[in-house]
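Take a look at the letters that make up each chain.
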Amino acid sequence: MTHRIESHEPVPYAVLSASGIHAGYPGHPDVLDCVSVGVTRGRRLALLGANGSGKTTLLRCLSGAHRPTRGEILVDGVAVRHRAKDLNAHRQRVQLVLQDPDDQLFSAQVREDVSFGPMNLGLPEPEVRARVEQALELLGITALADRGIHQLSYGQRKRVAIAGAVAMRPDVLLLDEPTAGLDPRGIGAMMAALDALEAQGTTVVMSTHDVDLAWSWADEVAVVADRFVRQDVLVKVMTDEGLMRSAHLALPWPVQLLRRLGREIDVTFPPRTAADVAALLR
Ligand SMILES: Nc1ncnc2c1ncn2[C@@H]1O[C@H](COP(=O)(O)OP(=O)(O)OP(=O)(O)O)[C@@H](O)[C@H]1O
Ligand SMILES: [Mg+2]
């Protein structure tokens, strides 16, 4: 069963979208083949897919870091042109945080690294300082501000990398596996930081292998598999056993449990947590 979306039309009402993009690399040209994805303002989008399916490639295309060979990336319906000036403007609105913080962080000290982006924008110093302090606070790392990056744990470095993107005050934050490698407390802190960011008006997109996390967090899901992407509201995608299996993904635990019990899942108010499931079964 294939789930190909062949539309070349921009996704309606999307603040950021990919429209019919083809993308790949020399010697590996067809990682994504006619893929369309839309990021709606204020709606959480999770990208799911197996290792090597193309999640990072798709995020890099959306961020402007990787140029599709065909199709377009659009912001508020306007196609992004891959020229230095336009890409700079694009990156002010759309920030990508890489999977590995060590690919992102290059300053010696935390505050210095988080300041780098806003300083490059040529903002006045008090504005840079205010943005940096706010980003550190949002990520819960104010106490680390004067520490050397090399002294930090992996989870702390991940939060510093996100703080650097947050300090740019983007409309859309693209996070490539923000919770990978974090312990449960680290994941909780990361998700709380994302809630705080959203409360400030940033739209968050994240790639993850964690289907249960996606189920508990996302409004919409885009599954990357076999060079294609299928995007829809959470319940439609994550209860589609054929689609999930074709992407080598398991069904989230509440879906598995309720299926076994022969229970329907409410599309509008899906049971996201153990408490939700318990309430349903009571
Ligand atoms: N710089 C590159 N040059 C050549 N091929 C690449 C490059 N980067 C990625 N690829 C290939 O593109 C495909 C998609 O890779 P991508 O990193 O987008 O997958 P992913 O879904 O993010 O995987 P993961 O879950 O492991 O992070 C893979 O087959 C990979 O080998
Ligand atoms: Mg990846």
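Cut-offs used in this document
Residues numbered from 1 in each chain as written. Chains lettered and ligands numbered in written order. Predicted model: local features only at pLDDT ≥ 70, side-chain atom pairs only at ≥ 80, totals over all residues. Heavy atoms only, no water. Salt bridge = Lys/Arg side-chain N within 4 Å of Asp/Glu carboxyl O. Helix = DSSP H or I, 4+ residues; strand = E, 2+ residues; numbered from the N terminus. Buried < 20%, exposed > 50% of the residue type's maximum accessible area, 1.4 Å probe, protein only. Pairing = 2+ DSSP bridges. Donors = N, O, S within 2.8 Å, 3.2 Å for Na, K, Ca; no water. Core = buried A, V, L, I, M, F, W, Y, C linked by side-chain atoms within 4.5 Å. Domains from an automatic or database assignment. Contact = heavy atoms within 4.5 Å. Near = heavy atom within 4 Å. Polar contact = N/O pair within 3.5 Å; in protein donor to acceptor, adjacent residues only side chain to side chain. Areas by Shrake-Rupley, 256 points an atom, 1.4 Å probe, with all protein chains shown as cover. Nonpolar A, V, L, I, M, F, W, Y, C, P; charged D, E, K, R; others polar. Buried area = accessible area lost by both parts, 1.4 Å probe.

Enquirer: Describe the pattern of salt bridges, naming the residues involved and giving the relevant values.
Expert: Going through the model one piece at a time under the given rule, you end up with 17 salt bridges. For Asp146, the salt bridge identified is with Arg111, shortest N-O distance 3.2 Å. Separated by 35 residues along the polypeptide, Asp146 in the loop between α4 (125-138) and α5 (154-166) and Arg111 in helix α3 (residues 110-120) bring together distant segments of the chain. Owing to a relative accessible area of 58%, Asp146 belongs among the exposed residues under this scheme. Across the salt bridge formed by Arg230 and Asp232, the nearest N and O atoms sit 4.0 Å from each other. Residue Arg230 is classed as buried on the basis of its relative accessible area, which comes to 18%. With a relative accessible area of 23%, Asp232 lands in the partly exposed category. Three or more residues joined by partner-sharing salt bridges are found here, namely Arg41, Asp76, Arg93 and Asp171.

Enquirer: Account for the pairing of strand β9 (residues 220-225), naming residues and giving values.
Expert: The element β9 is extensively covered by neighbouring structure, given that six of its six residues are classed as buried. Note: strand β3 (residues 45-49) against β9, five bridges, orientation parallel. Following the sheet pairing, Leu45 is matched in β9 by Glu220. Inspection of the sheet shows β9 paired to strand β10 (residues 228-233) by six bridges, in the antiparallel sense. Bridged to Ala222 within β10 is Gln231. Connecting β9 to the next strand, β10, in antiparallel fashion are two residues, including Asp226 with a positive phi near 50°.

Enquirer: Quick one: what's the story with the environment of Ala189, residue by residue and with numbers?
Expert: Looking at the element boundaries, Ala189 is found in helix α6 (residues 184-199). Along the backbone, Ala189 and Thr179 are ten residues apart, and their C-alpha atoms lie at a distance of 9.7 Å.

Enquirer: Which residues make up the coordination of the magnesium ion (ligand 2), and what values go with them?
Expert: Those donors, Thr56 (OG1) and Gln99 (OE1), are the protein atoms that reach the magnesium ion (ligand 2), and they lie 2.0 to 2.4 Å from it. Here Thr56 is found in helix α1 (residues 55-63), whereas its partner Gln99 is found in the loop between β6 (94-97) and α3, with 43 residues between them in sequence. What makes Thr56 partly exposed here is its relative accessible area of 28%. Overall, the relative accessible area of 33% leaves Gln99 in the partly exposed class.

Enquirer: Describe the nonpolar core, naming the residues involved and giving the relevant values.
Expert: The biggest cluster of nonpolar side chains holds 55 residues, and the ones touching the most others in it are Leu48, Val114, Val223 and Met238. If one sorts the elements of this core by residue count, α5 sits on top with six residues. Each of domain 1 (14-99 + 172-251) and domain 2 (252-282) accounts for three or more of the residues forming this core. Ignoring anything within four residues of it in the chain, the contact list for Leu48 reads Lys55, Thr208, Asp210, Val211, Ala214, Val221, Ala222, Val223, Val224, Met238, Met244 and Leu249. Counting residues in each nonpolar core, the second largest holds 28 residues, with Cys61, Val75, Val80 and Val224 among its members.

Enquirer: With reference to specific residues and values, describe the site of ligand 1.
Expert: Taken together, 14 residues lie around ligand 1, and Gly52, Lys55, Thr56, Thr57 and His209 are the ones closest in. Here an oxygen atom of ligand 1 and a side-chain polar atom of Thr56 are 2.7 Å apart. The separation between an oxygen atom of ligand 1 and a polar side-chain atom of His209 is 2.9 Å. About the coverage of ligand 1: the protein hides 64% of its 640 Å² of free accessible area. Elements supplying a minimum of two residues to the shell around ligand 1: β2 (28-40) and α1. No other element matches α1, which puts three residues into the shell around ligand 1. The class makeup of the residues in the shell around ligand 1 is three nonpolar, nine polar and two charged.

Enquirer: Hey, could you go over the sheet that holds β2 for me, with residue numbers and the actual values?
Expert: Spatial strand order, β2-β1-β4-β5: four strands in an open sheet with antiparallel pairing. Looking at strand neighbours, the two that pair on one side only are β2 and β5 (78-79), the edges of this open sheet. Sheet topology places strand β4 (residues 70-75) next to β5; two bridges connect them, and they run antiparallel. For Leu74, the partnering residue across the bridge sits in β5 and is Ala79.

Enquirer: Quick one: what's the story with the domain arrangement of the chain, residue by residue and with numbers?
Expert: Parsing the chain into structural domains produces domain 1 (14-99 + 172-251) and domain 2 (252-282). The distance between the C-alpha centroids of domain 1 and domain 2 comes to 26 Å. Across the boundary between the two partners, domain 1 contributes 14 residues, which contact twelve residues of domain 2. With both chains or domains summed, domain 1 and domain 2 bury close to 1,100 Å², and 63% of this area falls on carbon and sulfur atoms. It is Trp215, Val235 and Leu251 in domain 1 that bury the most area against domain 2; as a group they hold 55% of the surface buried on that side. Counting across the interface, domain 1 meets domain 2 through one salt bridge. Where domain 1 packs against domain 2, one counts six residue pairs in polar contact (both at pLDDT 80 or more). Elements that contribute at least two residues to the side of domain 1 that touches domain 2 include exactly α7 (211-217) and α8 (234-238).

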